[in-house]
Amino acid sequence: MLTSIAWHSLVSRKKTVILTFLSLWISIMVLLSVEHIRLQAKESFNRTISGVDLIVGAPSGQLNLLLYSVFRMGSPTNNIQFDSLTMLQNHALVEWAIPISLGDSHRGFRVMGTNESYFQHFKYGNKQALTFSQGEAFENMFDAVLGADVAEQLGYKLNDKIVIAHGIGHTSFTNHDQAPFVIKGILSRTGTPVDKTVHVSLNAIEAIHLPPNALQALLEQPESYNVKPESITAIMLGLKNKFATFTVQRELNNYQQDRLMAVLPGVAMAELWTLMGSVENLLRAIAALVLIASLFGLATMLLASMNERQKEIAVLRVLGAGPATILSLILLESFILVLLSLVAAVGGVSLILFGLQGWLAAEFGLFLTPHLLSIDTLLVSGLIVIVALIVSFYPGIEAYKSALHSQLNDG
């Protein structure tokens, strides 16, 4: 009966209740969105690379090495010798090695030189292997394999020819148009930087940087030239024994024939999120302040309605309702309003994420599930309800005092 009375009381004040509901709805949506995106974004970044035990590059800081080798962000400070790749390929503890050579681009998309090991061993997400939506891996020196975003945004299809430019900007004054590449394959979408990458062979990266006469001779008689890179950007390693990770890392960091730095992707990722921690906390604080402001608006609405509800409280007193019942009624009204706002906020955020899911994955590599029903969401929701009841306790106490005063006067 008390719930029915609380509901009808809210309906009778629908104009102010609707405005308070909208304020709560928007603020709870902001808070839930920040918390959900924060957790999902972290998970999405961790999905970018899977199964790689070590990343090897020139000494430049583990975070910088992670950013340019995995996320294609920034530029390497230096390269490592190609002989270091050969050494690692023959290392007793190394199962596979994926070379990476960066420095060129195509219409704003990064170009990465690699070999067949990349398509065989690179994994993302929950150890998902790369697959082809069209075509296959490159066979000839001037074959190219495109990520899904490159093919889609530039409208490329198999056997189209593309020209690679020197540098990583959208505009370049040095195009390697003497040696166009033929699109041999297009990878399935991964939601990772792979989608925004043009993949070519290591030999091709070296060949396009030859002097024009030498490049022309190579194009005319490719079988007579043995093009071998002198240096590469980085190497991804998979080890035969995971327990040997720190042993191999220490060995490579002390390698005398080349200046190498080996980092664990998980440790570097943790450092990245540590740096992002202050931004996360700032966003959470802003969302919490917005919510608190809305909850104070709820308390203000309840207080402002006290004068209007004197007759209502008097009727309840006549019906035998005590001060505690009046207090419970005010808290129940607050609970109903917050609960409805919470349900509407969860539904609103879910619908928005469902509509933007494909776009966020394609543009930013963020795999954001529209399902908010998780332990974290329940904890945040419970906290919101508790804080709402605490904030609403003051208007409830005022109603309690009013009812108690009325009871004493009656006595």
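In what follows, the structure referred to is the one given above.
Residues numbered from 1 in each chain as written. Predicted model: local features only at pLDDT ≥ 70, side-chain atom pairs only at ≥ 80, totals over all residues. Heavy atoms only, no water.

**Focus on the overall build of the chain**
Argument step 1. Tallying secondary structure elements over the chain gives 13 helices and 15 strands in all.
Argument step 2. Taking all 411 residues of the chain together, the buried fraction comes to 48%.
Argument step 3. For the chain, the share of sequence-separated contacts (at least 6 apart) that also reach a separation of at least 24 residues comes to 78%.
Argument step 4. When the accessible surface of the chain is summed, it comes to about 20,400 Å², and 61% of that surface belongs to carbon and sulfur atoms. (Helix = DSSP H or I, 4+ residues; strand = E, 2+ residues; numbered from the N terminus. Buried < 20%, exposed > 50% of the residue type's maximum accessible area, 1.4 Å probe, protein only. Contact = heavy atoms within 4.5 Å. Areas by Shrake-Rupley, 256 points an atom, 1.4 Å probe, with all protein chains shown as cover.)

**Looking at the nonpolar core**
Argument step 1. One finds Ile28, Leu32, Leu295, Leu298, Val338 and Ile384 to be the most contacted residues of the largest nonpolar core, which totals 35 residues.
Argument step 2. Where this core is concerned, the elements lending two or more residues are α1 (2-12), α2 (14-46), α10 (265-304), α12 (323-364) and α13 (375-410).
Argument step 3. The dominant element in this core, judged by the number of residues it contributes, is α12, at 12 residues.
Argument step 4. The residues touching Ile28, leaving out its near neighbours within four places in the chain, are Leu291, Val338, Ser341, Leu342, Ala345 and Ile384.
Argument step 5. Judged by nonpolar contacts, the second largest core, of 33 residues, contains Tyr124, Ala234, Ala268 and Met269. (Core = buried A, V, L, I, M, F, W, Y, C linked by side-chain atoms within 4.5 Å.)

**A word on the pattern of salt bridges**
Any two side chains of opposite charge can pair, given that their charged atoms come close.
Argument step 1. Taken as a whole and judged by the stated rule, the model has 7 salt bridges.
Argument step 2. A salt bridge links Lys242 to Asp53; its shortest N-O distance comes to 2.9 Å. On the criterion of sequence distance, the pair formed by Lys242 in the loop between β14 (234-239) and α9 (245-253) and Asp53 in the loop between α2 and β1 (54-57) is long-range, its members being 189 residues apart.
Argument step 3. According to the relative accessible area criterion, Lys242 is partly exposed, its value standing at 49%.
Argument step 4. For Asp53, a relative accessible area of 12% translates into the label buried.
Argument step 5. Close ionic contact of Glu136 with Lys184 constitutes a salt bridge, the shortest N to O distance being 3.7 Å. With Glu136 in the loop between β7 (132-135) and β8 (143-146) and Lys184 in strand β11 (residues 181-187), this residue pair connects regions lying 48 residues apart in the sequence.
Argument step 6. Taking relative accessible area as the criterion, Glu136 reaches 36% and is therefore assigned partly exposed. (Salt bridge = Lys/Arg side-chain N within 4 Å of Asp/Glu carboxyl O.)

**A few points about the pairing of β14**
Argument step 1. The buried fraction of β14 amounts to 6 of the 6 residues, a majority that puts the element mostly inside the structure.
Argument step 2. Neither face of β14 is exposed, since Ala234, Met236 and Gly238 on one face and Ile235, Leu237 and Leu239 on the opposite face are all buried.
Argument step 3. Relative to β14, β1 runs antiparallel, the two sharing 4 bridges. Paired with Gly57 across the two strands is Ala234, which belongs to β14.
Argument step 4. In this structure, strand β3 (residues 94-106) lies alongside β14, joined through 6 bridges in antiparallel fashion. Within the sheet, the bridge partner assigned to Val94 lies in β14 and is Leu239. (Pairing = 2+ DSSP bridges.)

**Let's talk about the pairing of β1**
Argument step 1. Both faces of β1 are covered, namely the face carrying Leu54 and Val56 and the face carrying Ile55 and Gly57.
Argument step 2. Direction of pairing for β1 relative to strand β15 (residues 261-263): antiparallel, over a ladder of 3 bridges. Bridge pairing in β15 links Ile55 to Val263.

**Side note on the environment of Leu215**
Argument step 1. Counting through the fold element by element, Leu215 comes out in helix α8 (residues 212-220).
Argument step 2. Among the residues examined, Leu215 registers a relative accessible area of 3% and is labelled buried.
Argument step 3. Distance from Leu215 to Ala179, taken between C-alpha atoms, is 8.0 Å for residues 36 residues apart in sequence.

**Considerations on the packing of α2 against α10**
Argument step 1. Put simply, α2 and α10 touch, their axes get as near as 9 Å, and they point 170 degrees apart. Judged by the angle between their axes, α2 and α10 are roughly antiparallel.
Argument step 2. When grouped by side-chain class, the residues that make up the contact of α2 with α10 number 18 nonpolar, 6 polar and 5 charged. (Axes fitted to C-alpha atoms, helices over the stretch in contact; angles between N-to-C directions. Parallel < 35°, antiparallel > 145°, perpendicular 65-115°, else oblique. Nonpolar A, V, L, I, M, F, W, Y, C, P; charged D, E, K, R; others polar.)

**Here's the deal with the side chain of Ser341**
Argument step 1. Note on placement: Ser341 falls in helix α12.
Argument step 2. Those residues in contact with Ser341 that lie beyond four places of it in its chain are Phe21, Leu24, Trp25 and Ile28.

**Some points on the packing of aromatic side chains**
Argument step 1. The full count for this structure, using the stated rule, is 5 aromatic pairs.
Argument step 2. Put simply, the rings of Tyr118, Phe119, Phe122, Phe132 and Phe138 pair up and form one aromatic cluster. (Phe/Tyr/Trp six-rings, centres within 6.5 Å; stacked < 30°, edge-to-face > 60°.)

**Section: unusual backbone geometry**
Argument step 1. Located in the positive-phi region is Arg72, a residue other than glycine, with phi close to 55 degrees.
Argument step 2. For Arg107, which is not a glycine, the phi torsion comes out positive at approximately 50 degrees.
Argument step 3. Tracing the backbone through its elements, the reader meets Arg107 in the loop between β3 and β4 (109-114).

**Section: the environment of Pro229**
Argument step 1. Positionally, Pro229 belongs in the loop between α8 and β13 (231-232).
Argument step 2. In sequence terms Pro229 and Ile205 are 24 residues apart; their C-alpha atoms lie 7.9 Å from each other.
Argument step 3. The residues contacting Pro229, other than those within four sequence positions of it, are Phe82, Leu202, Asn203 and Glu206.

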